[in-house]
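The primary structure of each chain is shown beneath.
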Amino acid sequence: MSVYAYCVAGWVLLIGSFGIVRSRNLIQTVVCFSVAQSGTYLLLLAVGYERGGVPPIFSGPGTPAPKHVVDPVVQAMTLTDIVVSATVTALLLSLAIQIHKRTGTLDPDQLRALKG
Amino acid sequence: MTRGARTALFLVAAAVLGPLLWNVFHDIPAFGQIQHLYRDLAVRASLEQSTANVVSSINFDQRALDTLGEESIFVASVTGVMILLRPDSQERRYLPPASGAVLEAVRLVGYLMLPVTLVLGAETVAHGHLTPGGGFQGGVVLATGLHVLYVSGTYQALDRLRPIGSLDIGEAVGAAAFGGMGVAGMAVGGAFLFNLLPKGTLGNLFSAGTVPLLNVAVGFEIGCGMVVLLAQFLAQEITIAKKGRPE
Amino acid sequence: MTALVLVSVTLVGIAATIVVLTHRPENQAIMLSVFGLALTVMFEVLQAPDVALSQLGVGAVVVPLMIMLTYRRVRRHAGEAESAASSQSEQPSP
């Protein structure tokens, strides 16, 4: 049972990729891409978790012992990644708007070869 | 490639990847184990630099170069969205239509919550080195807090309080301030983004050297950038349309 | 592992599946917001308040808002193109 969290992370990644493959609409592709990214956040935080650990903050009441906090390095990585990937999602969505303006459709199966 | 063929190819790939992932998950250290080497090193370095929030210390002190790269991605993406979503030759900006009535209760709650949310966002940015928070989170709170004005009021009210040109400049100023502090660190300490201010004692507001200043720079940049980003999408839906549209 | 961690991780897995299997984009935007909320709870349970704060602002508000605005923009553009085409076909041929 100790690999359950990792397996759920892998499942979220795979189901997000499945959604990308089966999408009928570019907006659905972007949503499923966002879901797949969240799987990696779960994996990172699960690697850093310690049973009975506390957040890595050393101020205020209840300052913990330095050996008892969860891993802060993976939290730092995940934190900036979440905000920045939102803007990359915005870029993908604006590409979708432009594609719809140029071709009139958002269906990936109807967007065939690159038109010059 | 047809949709069915795509699905079949994906299922084959997943059938190969699945067992590989299963093996890997059994090989990496178990969930909830007590041995974290990076944690010991990072916490010790953070306490030496008198930073109470270890995550902020990692983001703005130990691995600050990483954060510079991340915020550069942010600036580039906002620029890309502004380029992609500007009105093209067939479109122009119209005045936003007069919106429907807003419930009085919603408007009151909006008026009360707007200054509270903005102050909360500023507090999250300023105390990033002491409590959970920092530039990234506080910037997002500030940007979304401003849009309470749109949810509980009108689009015109939001437009008045949101000078896009100045916010664009503000985003650039925030990004440049981060780089400027890095160069100052290089001038003083010999390393880019060196922590050159006095560290103070753990838990005080003025501690951790340059970490609060970098927090403010990033918070300013992310707040301004997110408002500009959301403004592009809102304008696409509300004010931009083909020429000759009946008013 | 404790029951709280188990339940929150399972909720994230279920929410992810539901988001992917939703059909219409406007429903998917709302479900993505709920998924962001489930992720926030899970990040809190895994003792990561910074990450939870970040995910709450971004994943529950900003991204679903952008997806909804994109979808409405695309639908309005499709409606305008349709009305322009039908008004052109109504004109008498020269």
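In this report, we go over the structure that sits alongside the text.

Conventions adopted
Residues numbered from 1 in each chain as written. Chains lettered and ligands numbered in written order. Predicted model: local features only at pLDDT ≥ 70, side-chain atom pairs only at ≥ 80, totals over all residues. Heavy atoms only, no water. Helix = DSSP H or I, 4+ residues; strand = E, 2+ residues; numbered from the N terminus. Rg over C-alpha atoms; globule rule 2.2 N^0.38 Å. Buried < 20%, exposed > 50% of the residue type's maximum accessible area, 1.4 Å probe, protein only. Contact = heavy atoms within 4.5 Å. Areas by Shrake-Rupley, 256 points an atom, 1.4 Å probe, with all protein chains shown as cover. Lys, Arg positive; Asp, Glu negative; His and termini not counted. Charge placed at Lys NZ, Arg CZ, Asp CG, Glu CD. Buried area = accessible area lost by both parts, 1.4 Å probe. Salt bridge = Lys/Arg side-chain N within 4 Å of Asp/Glu carboxyl O. Phe/Tyr/Trp six-rings, centres within 6.5 Å; stacked < 30°, edge-to-face > 60°. Core = buried A, V, L, I, M, F, W, Y, C linked by side-chain atoms within 4.5 Å. Axes fitted to C-alpha atoms, helices over the stretch in contact; angles between N-to-C directions. Parallel < 35°, antiparallel > 145°, perpendicular 65-115°, else oblique. Nonpolar A, V, L, I, M, F, W, Y, C, P; charged D, E, K, R; others polar.

1. What to know about the overall build of chain A
Helices and strands together make up the secondary structure of chain A, namely three helices and zero strands. The order of helices and strands in chain A, counted from the N terminus, is α-α-α. Taking 2.2 N^0.38 as the reference for a compact globule, 116 residues should give roughly 13 Å; the C-alpha atoms of chain A span a radius of gyration of 20 Å, well beyond that estimate. Principal-axis analysis of the C-alpha atoms places the extent of chain A at approximately 60 × 30 × 20 Å. Taken across its 116 residues, chain A has 58% of its residues classed as buried. For chain A, restricting intrachain contacts to residue pairs at least 6 apart in sequence, the fraction spanning at least 24 positions comes to 49%. Within the structure as shown, chain A displays about 4,600 Å² of accessible surface, and the carbon and sulfur contribution to it stands at 65%. Counting 8 positive and 5 negative side-chain charges, chain A places the centres of these two groups 12 Å from one another.

2. Focus: the overall build of chain C
Across its full length, chain C holds three helices and zero strands. Relative to the 2.2 N^0.38 estimate, which gives 12 Å for 94 residues, the radius of gyration of chain C is 20 Å and therefore markedly larger than a compact globule would have. For chain C, the spread of C-alpha atoms along the three principal axes comes to 80 × 25 × 10 Å. Residues counted as buried form 50% of the 94 residues belonging to chain C. For chain C, the accessible area works out to roughly 4,400 Å², and carbon and sulfur atoms hold 67% of it. On chain C, the mean spot of the 5 positive side-chain charges and the mean spot of the 6 negative ones are 6 Å from each other.

3. Thoughts on the interface of chain B and chain A
Taken residue by residue, the interface counts 54 residues in chain B and 53 residues in chain A. Summed over both partners, the interface of chain B with chain A buries about 4,900 Å², with 68% contributed by carbon and sulfur atoms. Inspection of the region where chain B meets chain A yields two salt bridges. Across the salt bridge formed by Arg6 of chain B and Asp109 of chain A, the nearest N and O atoms sit 3.1 Å from each other. Looking at the side of chain B that touches chain A, the elements with two or more residues in it are helix 1 (3-27), helix 2 (37-48), helix 3 (54-62), helix 4 (64-84), helix 6 (135-146) and helix 10 (211-238) of chain B. Here the side of chain B that touches chain A gets ten residues from one element, more than from any other, and that element is helix 1 of chain B.

4. Quick notes on the packing of aromatic side chains
Within the structure shown, the criterion is met by six aromatic pairs over all chains. Ring centres 5.8 Å apart and planes at 45 degrees place the aromatic pair Phe18 of chain A and Phe10 of chain B in the tilted group. Taken together, the residues span two chains, with Phe18 of chain A in helix 1 (residues 4-21) and Phe10 of chain B in helix 1. Overall, the relative accessible area of 14% leaves Phe10 of chain B in the buried class. Ring plane angle 25 degrees and centroid distance 5.1 Å describe the contact between Tyr49 of chain A and Phe31 of chain B, whose orientation is recorded as stacked. Separated into two different chains, Tyr49 of chain A in the loop between helix 2 (26-48) and helix 3 (72-103) and Phe31 of chain B in the loop between helix 1 and helix 2 make up a pair that spans both. The class for Tyr49 of chain A is buried, based on a relative accessible area of 7%. Aromatic rings pair up to connect Tyr6 and Tyr49 of chain A together with Phe25 and Phe31 of chain B into one cluster.

5. Re the nonpolar core
Residues Met226 and Phe233 of chain B together with Phe35, Phe43 and Met66 of chain C are the most contacted members of the largest nonpolar core, which totals 90 residues. If we skip the residues at most four places from it in the chain, Phe43 of chain C touches Tyr41, Leu45 and Ile82 of chain A together with Ala48, Val51, Ala52 and Gln55 of chain C. Counting ten residues, the second-largest nonpolar core is a separate cluster that includes Val73, Ala76 and Leu79 of chain A together with Val43 of chain B.

6. Brief notes about the environment of Val119 of chain B
Residues and elements named next belong to chain B. Tracing the chain through its elements places Val119 in helix 5 (residues 104-126). Look at Val119 and you get exposed, because its relative accessible area is 56%. For the pair Val119 and Pro198, spaced 79 residues apart in sequence, the C-alpha separation works out to 27 Å.

7. A few points about the packing of helix 2 of chain B against helix 3 of chain B
Residues and elements named next belong to chain B. Packing of helix 2 against helix 3 brings their axes to within 9 Å, and their N-to-C directions diverge by 80 degrees. Comparing the axis directions of helix 2 and helix 3 gives the class roughly perpendicular. On the side of helix 2, the interface is formed by Ala42, Val43, Ala45 and Ser46, while helix 3 contributes Val54, Ser57, Ile58 and Gln62. Looking at side-chain class alone, the contact of helix 2 with helix 3 contains five nonpolar, three polar and no charged residues.

8. A word on the environment of Thr124 of chain B
Note that Thr124 of chain B resides in helix 5. For the pair Thr124 of chain B and Phe136 of chain B, spaced twelve residues apart in sequence, the C-alpha separation works out to 9.4 Å. Contacts of Thr124 of chain B, omitting those with residues within four sequence positions, involve Pro132, Gly133, Gly134, Gln137 and Gly138 of chain B together with Leu53 of chain C.

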